[in-house]
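Tertiary structure, described
Letter by letter, the chains look like this.
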Amino acid sequence: MGEYTIQVASRLSGVSIQTLRAWERRYGAVTPKRLPNGHRAYSDNDIEKLSLLSELTALGYSISNIAGMSKDDLNLMLDRVKAELGLKAAATRRKASSLINSKQIISHLIFALEGYKLEIISHELNKLKGMASVDELLFEIYLPLLKIVAQNVATQRLTIAHKQLLTGILSSQLSSYVYQIAEGDYKYTKAQKILVAGVEGVQQNFEILLAAVLARVQGFETIVLGSNLPVTSLVQAVNTINADIIILVAASSDLSLNRQHIEAYIENIMQLLTNQQQVWLEGKVQFNQATFSQFENFNFISNLVELRQKLYLL
């Protein structure tokens, strides 16, 4: 169970600090733990309940009437309201996702992949799109599946051809998420514009797509420039697009990326951008992070889980 400060709880739940304190004091909506220093420590359950209360009050419910309800009851109420408002599909998708047996699905996909059954793989993945959120697909199906395939390639149960076939199919799926029309569940809800590209020398378009999807499903307008981008081309694109955040992907599988290359590449970019333009380097790469401590707009993110959390908190 996590323990979060009131500032973090506010950002995660979408409830302002002032409102959170009022709900807590007047209605007993949540009862956070008190630390020895007197500060509040909010749990994951507290944040989930606050998020539900925030959604329901936005739909017109009075906090005084729902603050004392359990998290399960609030979930049921929210599902009912969304169904009444014509959003039943979203609620159904969320419920169905909890029934997904990821191990069984991955086993079926591996079996189909062994026989190069393209139509079966595509059918199963398309079916999953209606049963789970994009976030769940990434972290419960796509990434574990790729990890198992890589292990099977290493043991020679599968070949590089199998891996390439799967990567191609998943890339097609990911691209459809990135380029969704900005409407319905895919509206732009965040103010920042994000550009995603690969460090010069990176040839892994798939990893770039993964980062882009995480940004897009969080509601950011996201532009993907692809791999192997020289500094001058990147900076020109950033300024033309007016991007607020640049996510640079440096996949650890690119053996050509040495420490000196990464450091020189990032330093050149930082010198050409303004302090208002954030640069996030994502990937398991080695470089001297202290070298870039002078740049307040530079962040290093070692994996996709960290990237998801940082995007969520914006």
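Please refer to the structure higher up on the page.
This write-up is about the structure you can find in this document.

Rules used throughout
- Residues numbered from 1 in each chain as written.
- Predicted model: local features only at pLDDT ≥ 70, side-chain atom pairs only at ≥ 80, totals over all residues.
- Heavy atoms only, no water.
- Buried < 20%, exposed > 50% of the residue type's maximum accessible area, 1.4 Å probe, protein only.
- Helix = DSSP H or I, 4+ residues; strand = E, 2+ residues; numbered from the N terminus.
- Pairing = 2+ DSSP bridges.
- Salt bridge = Lys/Arg side-chain N within 4 Å of Asp/Glu carboxyl O.
- Axes fitted to C-alpha atoms, helices over the stretch in contact; angles between N-to-C directions.
- Contact = heavy atoms within 4.5 Å.
- Core = buried A, V, L, I, M, F, W, Y, C linked by side-chain atoms within 4.5 Å.
- Parallel < 35°, antiparallel > 145°, perpendicular 65-115°, else oblique.
- Left-handed = near helix turned anticlockwise from the far one by under 90°.
- Phe/Tyr/Trp six-rings, centres within 6.5 Å; stacked < 30°, edge-to-face > 60°.
- Lys NZ or Arg CZ within 6 Å of the ring centre and 35° of its normal.
- Expected span 1.5 Å × (residues − 1).
- Arc of directions from axis to C-beta.

**Concerning the pairing of strand 6 (residues 278-282)**
Counting buried positions along strand 6 gives four out of five residues, so the element sits mostly inside the fold. As defined by bridge partners, strand 5 (residues 245-249) adjoins strand 6 across five bridges and the pair is classed as parallel. Among the inter-strand pairings, Ile245 is bridged to a residue of strand 6, identified as Gln278. The pairing of strand 6 with strand 7 (residues 298-301) spans four bridges and is classified as parallel. Following the sheet pairing, Leu281 is matched in strand 7 by Phe300.

**Side note on the pattern of salt bridges**
Enumeration over the complete set of coordinates arrives at five salt bridges. The partner of Arg157 in a salt bridge is Glu114, with the nearest N and O atoms 2.9 Å apart. Placement of Arg157 in the loop between helix 9 (134-154) and helix 10 (160-178) and of Glu114 in helix 7 (residues 102-114) is noted, with a sequence separation of 43 residues between them. Its relative accessible area of 47% is what places Arg157 among the partly exposed residues. For the salt bridge of Arg308 with Asp135, the shortest nitrogen-to-oxygen distance reads 2.7 Å. Pair noted here: Arg308 is in helix 14 (residues 304-312) and Asp135 is in helix 9, with a separation of 173 residues, a long-range link. For Arg308, a relative accessible area of 25% corresponds to the partly exposed category. Exposure remark for Asp135: the relative accessible area of 24% places this residue in the partly exposed category.

**Remarks on the sheet that holds strand 6**
A sheet is described by the order of its strands in space; here five strands give the open sequence 4-3-5-6-7, paired in parallel fashion. Taken across any chain shown, the strands that pair with only one partner, and hence form the sheet edges, are strand 4 (221-229) and strand 7. Strand-to-strand twist of the sheet, defined as the mean angle between neighbouring strand axes without regard to direction, takes the value 20 degrees. Together, strand 3 (193-199), strand 5, strand 6 and strand 7 form the strand contacts of helix 14, whose direction differs from that of strand 6 by roughly 155 degrees.

**Observations concerning the nonpolar core**
Counting 49 residues, the largest nonpolar core has Tyr142, Ile247 and Leu307 as the members making the most contacts within it. Secondary structure elements with two or more residues in this core: helix 7, helix 8 (118-129), helix 9, helix 10, strand 3, helix 11 (205-217), strand 5 and helix 14. With 10 residues, the top contributor of residues to this core is helix 9. Other than its neighbours up to four places away in sequence, Ile247 contacts Ile194, Leu195, Val196, Ala197, Ala211, Trp280, Glu282 and Leu307. In terms of nonpolar packing, the next biggest core, distinct from the first, is built from 28 residues, Val235, Ile241, Ile269 and Phe295 among them.

**Description of the packing of helix 7 against helix 9**
In contact at an axis separation of 10 Å, helix 7 and helix 9 are set at 50 degrees when each is read in the N-to-C sense. It follows that helix 7 is oblique to helix 9 by the angle criterion. Taken as a pair, helix 7 and helix 9 cross one another with a handedness that is right-handed. Residues Ser102, Ile105, Ile106, Leu109, Ile110 and Leu113 of helix 7 form the contact with helix 9, whose participating residues are Glu140, Ile141, Pro144, Leu145, Ile148, Val149 and Asn152.

**Examining the packing of aromatic side chains**
Considering all chains together, one arrives at five aromatic pairs under this definition. Aromatic pair Phe287 and Phe298: ring centres 6.2 Å apart, planes at 85 degrees, arrangement edge-to-face. With Phe287 in the loop between strand 6 and strand 7 and Phe298 in strand 7, this pair connects stretches of sequence that are 11 residues apart. Taken individually, Phe287 and Phe298 each receive the classification buried, so the pair is uniform in this respect. Put simply, the rings of Phe287, Phe292, Phe295, Phe298 and Phe300 touch in pairs and so form one group of aromatic residues. In this structure, Lys310 packs its charged tip against the face of Trp280, placed 5.2 Å from the ring centre.

**Looking at the environment of Ala237**
Structurally, Ala237 is set in helix 12 (residues 231-241). A C-alpha to C-alpha distance of 25 Å links Ala237 and Ser293, two positions 56 residues apart in sequence. Other than its neighbours up to four places away in sequence, Ala237 contacts Leu195 and Leu225.

**Concerning helix 13 (residues 259-272)**
For helix 13, spanning 14 residues, the distance from its first C-alpha to its last is 21 Å, which sits close to the expected 20 Å at 1.5 Å a residue. The set of residues buried in helix 13 consists of Ile262, Glu263, Tyr265, Ile266, Ile269 and Met270. What you see down the axis of helix 13 is that its buried residues fit within an arc of 165 degrees, all on one side. Facing away from the buried side of helix 13 by over 90 degrees, the exposed positions are Gln260 and Gln271. Elements that come into contact with the buried residues of helix 13 comprise strand 3, strand 4, helix 12, strand 5, strand 6 and strand 7.

**Let's talk about helix 11**
Look at helix 11: 18 Å from first C-alpha to last across 13 residues, which is about the 18 Å you get at 1.5 Å a residue. Taking burial as the measure, the 13 residues of helix 11 include 10 buried ones, the bulk of the element. Within helix 11 the residues assigned to the buried category are Phe206, Ile208, Leu209, Leu210, Ala211, Ala212, Val213, Leu214, Ala215 and Arg216. Buried-residue contacts for helix 11 involve helix 9, helix 10, strand 3, strand 4, strand 5 and helix 14. Positive backbone phi, approximately 100 degrees, marks Gly219, located one or two places after helix 11.

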